[in-house]
Amino acid sequence: MTRFGIHGTTEVAEVAGDAREAALSRTHRIRHRVLGVVITLVALGYAVRLGELQIVEADEHRRAQLEQSAEWEALPAPRGRIMDRRGRVLAAPDTRYQAFLAVDELRLERSAAVEAVAAVVPVPSDRRRAVTEAEGGWSLVASDISDEERVRMQRTIGHGIYFESRAARDYPRSMGRRLIGAVGASGRGGTGLEAALDEWLAGRAGQAEVRFDGRRNTYRPSGGQVIEPVPGHDVVLTIDAELQRIAENELARALTKTGASGGDMVLLDPRTGEVLALASERADGAPDQISALSDPYEPGSTAKPFLLASLLSEGVVDLDEVVDVEGGELRIGSRVIRDVHGYDTLRVREIISKSSNVGAAKLSARLPSAVQHRYLRDFGFGMRTQVGYLAESAGRLSRPESWTALSPASHAIGYEMSATSLQLAAAYGAIANGGILLKPSLVREVRDASGRVVERFEPQAVRRVIPEHVAAQVRDVLEEVVRDGTGTLARMARFAVAGKTGTARLAVDGRYALGRYRASFVGFAPADDPRIVILTRLEDPKGGVYYGGAIAAPTSQAALEAALAADGVQLDPRLVVSDPRPRPWSDPSRAAEGAERAIFAASGAGGPEEPWGGDLETDGLVPLPDLTGLSVRAAAAQLHGLGLRVAWQGRGVVASQSPPPGSELARGETVVLK
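Now for a look at the structure at hand. In this convention, every chain numbers its residues from 1, walking through the sequence in written order. Residue-level local features of this predicted model are given only where pLDDT is at least 70; pairs of side-chain atoms are given and counted only at 80 or more, and the full residue set underlies all totals for whole chains, interfaces and linings. Calculated side-chain values reflect all of the structure's heavy atoms, with hydrogen atoms and water omitted.

1. Some remarks on the overall build of the chain
In step 1: From N to C terminus, the chain includes 19 helices and 29 strands.
In step 2: Note on exposure labels: buried denotes an accessible area under 20% of the residue type's maximum, exposed denotes more than 50%, and partly exposed covers the range between, all computed with a 1.4 Å probe on protein chains only. Across the 674 residues of the chain, 50% fall into the buried class.
In step 3: The long-range share in the chain, meaning contacts at least 24 apart out of those at least 6 apart in sequence, stands at 71%. For the purposes of this entry, the term helix denotes a DSSP run of H or I that reaches at least four residues, the term strand denotes a run of E that reaches at least two, and both are numbered from the N terminus. The contact criterion used throughout is that any non-hydrogen atoms of two residues lie within 4.5 Å.

2. Here's the deal with the sheet that holds strand β24 (residues 532-539)
In step 1: Between any two strands, pairing holds if DSSP finds at least two bridges. Taken together, the 5 strands give an open sheet; going across it, the order is β11-β10-β24-β23-β22, and neighbouring strands pair in antiparallel fashion. Because the sheet does not close on itself, it has two edges, and the strands there are β11 (275-282) and β22 (498-508). Sheet twist, expressed as the mean angle between neighbouring strand axes with direction ignored, is 10°.
In step 2: Fitting a line to C-alpha atoms yields each axis, with helices limited to the stretch in contact; the angle taken between N-to-C directions then spans 0 to 180 degrees. Across the face of the sheet, helix α9 (residues 241-258) comes into contact with β10 (262-268), β11 and β24 while running at roughly 30° to β11.

3. So, the environment of E105
In step 1: When you line up the elements, E105 lands in the loop between β3 (89-102) and α3 (110-118).
In step 2: If we skip the residues at most four places from it in the chain, E105 touches H159, G160 and Y162.

4. Considerations on the nonpolar core
In step 1: Counting 86 residues, the largest nonpolar core has L237, F306, F379, F381 and L478 as its most contacted members.
In step 2: Apart from residues no more than four positions distant in its own chain, F381 is found in contact with F306, L376, L397, M417, A419, L424 and A427.
In step 3: In these notes, a set of buried Ala, Val, Leu, Ile, Met, Phe, Trp, Tyr and Cys residues joined through side-chain atoms within 4.5 Å is what counts as a nonpolar core. Residues L251, V482, F521 and A550 belong to the second largest nonpolar core, which totals 28 residues.

5. A short note on helix α14 (residues 369-378)
In step 1: Buried residues of α14: V371, Q372, H373, Y375, L376 and D378, and no others.
In step 2: Phi for G380, located one or two positions after α14, is positive at around 105°.

6. A few points about the pairing of β24
In step 1: β24 sits mainly inside the fold: 8 of its 8 residues count as buried.
In step 2: The two faces of β24 match: I532, I534, T536 and L538 on one face and V533, L535, R537 and E539 on the other face are all buried.
In step 3: Two elements, β10 and β24, share 7 bridges in a ladder whose sense is antiparallel. The residue bridging M265 from the neighbouring strand is T536, located in β24.
In step 4: The antiparallel hairpin formed by strand β23 (residues 511-525) and β24 contains 6 residues in its connecting segment.

7. Looking at the layout of surface pockets
In step 1: Of the volumes computed, that of the largest pocket is approximately 510 Å³.
In step 2: Lining residues are defined by having an atom within 4 Å of a point belonging to a cavity or pocket. Those points lie on a 1 Å grid over the protein atoms alone, cavities being sets where a 1.4 Å probe fits but cannot get out and pockets being open sets with protein on both sides within 12 Å along at least five of seven lines. Lining the largest pocket are 22 residues, and of these A77, A167, A168, V183 and G187 sit closest to its centre.
In step 3: Broken down by secondary-structure element, the contributors of at least two residues to the lining of the largest pocket are β3 and β5 (161-170).
In step 4: In the scheme used here, Gly and all other residues not listed as nonpolar or charged are polar, with Ala, Val, Leu, Ile, Met, Phe, Trp, Tyr, Cys and Pro taken as nonpolar and Asp, Glu, Lys and Arg as charged. Across the lining of the largest pocket, the residue classes break down as 10 nonpolar, 4 polar and 8 charged. Grid points are joined across faces, edges and corners, and a volume is the space filled by probe spheres set on the points.

8. Section: the side chain of T258
In step 1: Considering the arrangement of structural elements, one finds T258 in helix α9.
In step 2: Here a polar contact is recorded for every N or O atom pair within 3.5 Å, except that within protein the pair must consist of a potential hydrogen donor and a potential acceptor, and residues adjacent in sequence are included only if both atoms are side-chain atoms. Reaching out from T258, the side chain makes a polar contact with the backbone nitrogen of A260 at a distance of 3.3 Å.

9. What to know about the packing of aromatic side chains
In step 1: Between 30 and 60 degrees the pair is tilted, below 30 it is stacked and above 60 it is edge-to-face, where a pair is any two Phe, Tyr or Trp rings, Trp via its six-membered ring, whose centres lie within 6.5 Å. One pass over the full model with this rule turns up 8 aromatic pairs.
In step 2: Ring centres of Y97 and F163 lie 6.4 Å apart, and the angle between their planes is 80°; on these two criteria the pair is classed as edge-to-face. Residue Y97 is found in strand β3, and its partner F163 is found in strand β5; the two are separated by 66 residues along the sequence.
In step 3: Taking 5.9 Å as the distance between ring centres and 40° as the angle between the ring planes, the aromatic pair formed by F100 and W138 counts as tilted. In this pair, F100 sits in strand β3 while W138 sits in strand β4 (residues 138-145), placing the two residues 38 residues apart along the sequence.
In step 4: Using a relative accessible area of 51% as the deciding quantity, one classes W138 as exposed.
In step 5: One aromatic cluster is present, formed by F306, F379, F381 and Y428 through successive ring pairs.
In step 6: Charge-over-ring contacts are defined here by two conditions on Lys NZ or Arg CZ: a distance within 6 Å of the ring centre and an angle within 35 degrees of the ring normal. Positioned above the aromatic ring of Y97 is the side chain of R150, whose terminal nitrogen or guanidinium carbon lies 5.0 Å from the ring centre.
In step 7: Geometry around Y171 places R177 over its ring, the cationic atom sitting 3.8 Å from the centre.

10. A short note on a nonpolar patch on the surface
In step 1: Only residues above 30% relative accessible area that lack a salt bridge enter a patch, with like-charged residues linked at up to 9 Å and the nonpolar side chains Val, Leu, Ile, Met, Phe, Trp and Tyr linked at up to 5 Å. Using a 1.4 Å probe, the Shrake-Rupley method yields the accessible areas, and only the shown protein chains count as cover for residues. In the sections that follow, a salt bridge refers to a side-chain nitrogen of Lys or Arg positioned within 4 Å of a carboxyl oxygen of Asp or Glu. Taken together, the side chains of I30, V34, V38, V42 and Y46 define a hydrophobic patch exposed on the protein surface, amounting to about 490 Å² of accessible area.
In step 2: Mapped onto the fold, I30 is located in helix α1 (residues 9-56).
In step 3: Judged by its relative accessible area of 52%, I30 is exposed.

11. A word on unusual backbone geometry
In step 1: Note the cis peptide between A525 and P526, where omega equals -15°.
In step 2: Positionally, P526 belongs in the loop between β23 and β24.
In step 3: Put simply, S658 and P659 share a cis peptide bond, and its omega is 0°.
In step 4: Here P659 shows up in the loop between β27 (657-658) and β28 (664-666).

12. Thoughts on the packing of α3 against helix α5 (residues 147-157)
In step 1: Interaxial distance between α3 and α5 falls to 9 Å at its minimum, and their mutual angle equals 155°. On the basis of the axis angle, α3 is roughly antiparallel to α5. Like other packed secondary-structure pairs, α3 and α5 cross with a definite hand, here right-handed. Touching A113, A116 and V117 of α3 are M153, T156 and I157, all from α5.
In step 2: In terms of residue class, the contact of α3 with α5 is made up of 5 nonpolar, 1 polar and no charged. Note that the term roughly parallel is reserved for angles under 35 degrees, roughly antiparallel for angles over 145, roughly perpendicular for angles of 65 to 115, and oblique for everything else. If you view the pair so one helix is near and one far, a crossing is left-handed when the near helix is turned anticlockwise from the far one by less than a right angle, and right-handed when it is turned clockwise.

The following block contains the structure:
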């Protein structure tokens, strides 16, 4: 301070600076306090809100979180098994795999890894190339891998191979594949019984609760909900696997030997309606088509027993009544019905056993059309059997109001109507069991996963068609067919088999084709107490032998013979083969020796039948070969192949024949062998 009491300039500046600092300090303190209050308030707000989220709204947000991250994973249900009547598995659930190579993780060279896979299952060239060219990641290398194949690949390759599993279906037996069908890509039944029985087999899928992590990968949380799948039911069929195998093998053999384009074989229990075997083959059909159910045809002479049953039930014929069969030719309007054999008269029973078209046509006139139609309808023609197969046909049986003057005769000999093989077998079952038409069945029972029977299917009677005593009369006549008529090549034990042969013309594009036929045989055994019905149909056989008695009857006999020899097949012991017949296509050099005299009787062993319209060439002559030195079976096989009949006198090999070699005979004439 100066002497005049005034500070210096420096002192004044210092005082001003201190004031500013104090002011700034006060300002900073105020700001800090305000900021602290604000931060405190914000923190308090966050704390309050966090408390609300964690305590007050916790349940609501937990539900929202679950909704956003939770998912349900489907758990497929194991598909039920399909088994035969004796519990043998025909279809079962299986697991198959796809194999992927993680090329960056392989310890082997890529090519070596691919070859290791190819040593177990085929690897397509495009997949080989994809593995070779892959820049990383996984490459699909094989599909449809079994569990055993998966283990072999894993052991060989080790690191770098991964597998993805999927539910599949295993068919441990090769037989019955058309009938059993297959499962589609969706895991549901696609064809055959797999589709028809899908409601029982499929089961009910389950669910498992899963979560998504931050990378959207799923995982199952501990304590997550799981709804277990319900396995499908096991279905026990009426089919016998061994009989099915025999039917398929014998049918395939007959098709190969005769050159037929297709055919069916049906085995059925006439006491219950249960289908024991159902085999079908068609060269031009879909792989899953079962022609025995879906392909109706004109049955030809195998329909004649139903005419006889109708006549006997109405009381308008007697089995021993003699009928004028017009020398084998009958004109109705503009059409001519002919028989192969020009008989003058036949008894009613012989009209069936010798398969006279003329006789059947004349007898049909004794029934009003409505009555004839009613019996055919009652035997099940013109309606589905309701066996439960998706593609079953009803066949064709027109109303009597639409019949023409020719229709009664046509229906009597199996034309102007069509039936499936199963319909025809079921109708013969009604004759065999005493006159009751039974509903054919393919399913015996349904079991749950624990083996408990949840549904059992008992035999179902559709209706009584004919009286029991009439059925017995028809059975006796059908026994004569096999014993002395057109079906002797189906004979087994003495009087064991009853049945009827049929040879019908094939219709192509609405017209009967020249020289094309359908051969069939339907019968049952034992004749006096039937336990099994057998039907054989061969479509369009080649090579000149086409009669039902010559090729369908011995195929049926061979199937029955094989069935009796099969392990565990329960058939009546009276069916034991004591008199086996050769097949007309057998190699003569291999024909058995020592045939009995009754095998090829003069009444027409395996003889022909006349299809509708008389278009068979009965006037054509065939040269008679030299048969000396051949066994009776070999000689008879050659003669039957030519359409000739055989009478045998004596034993051993053929020493002489009448007429002599080189003679020209009309088809249907008899050759005597000594």
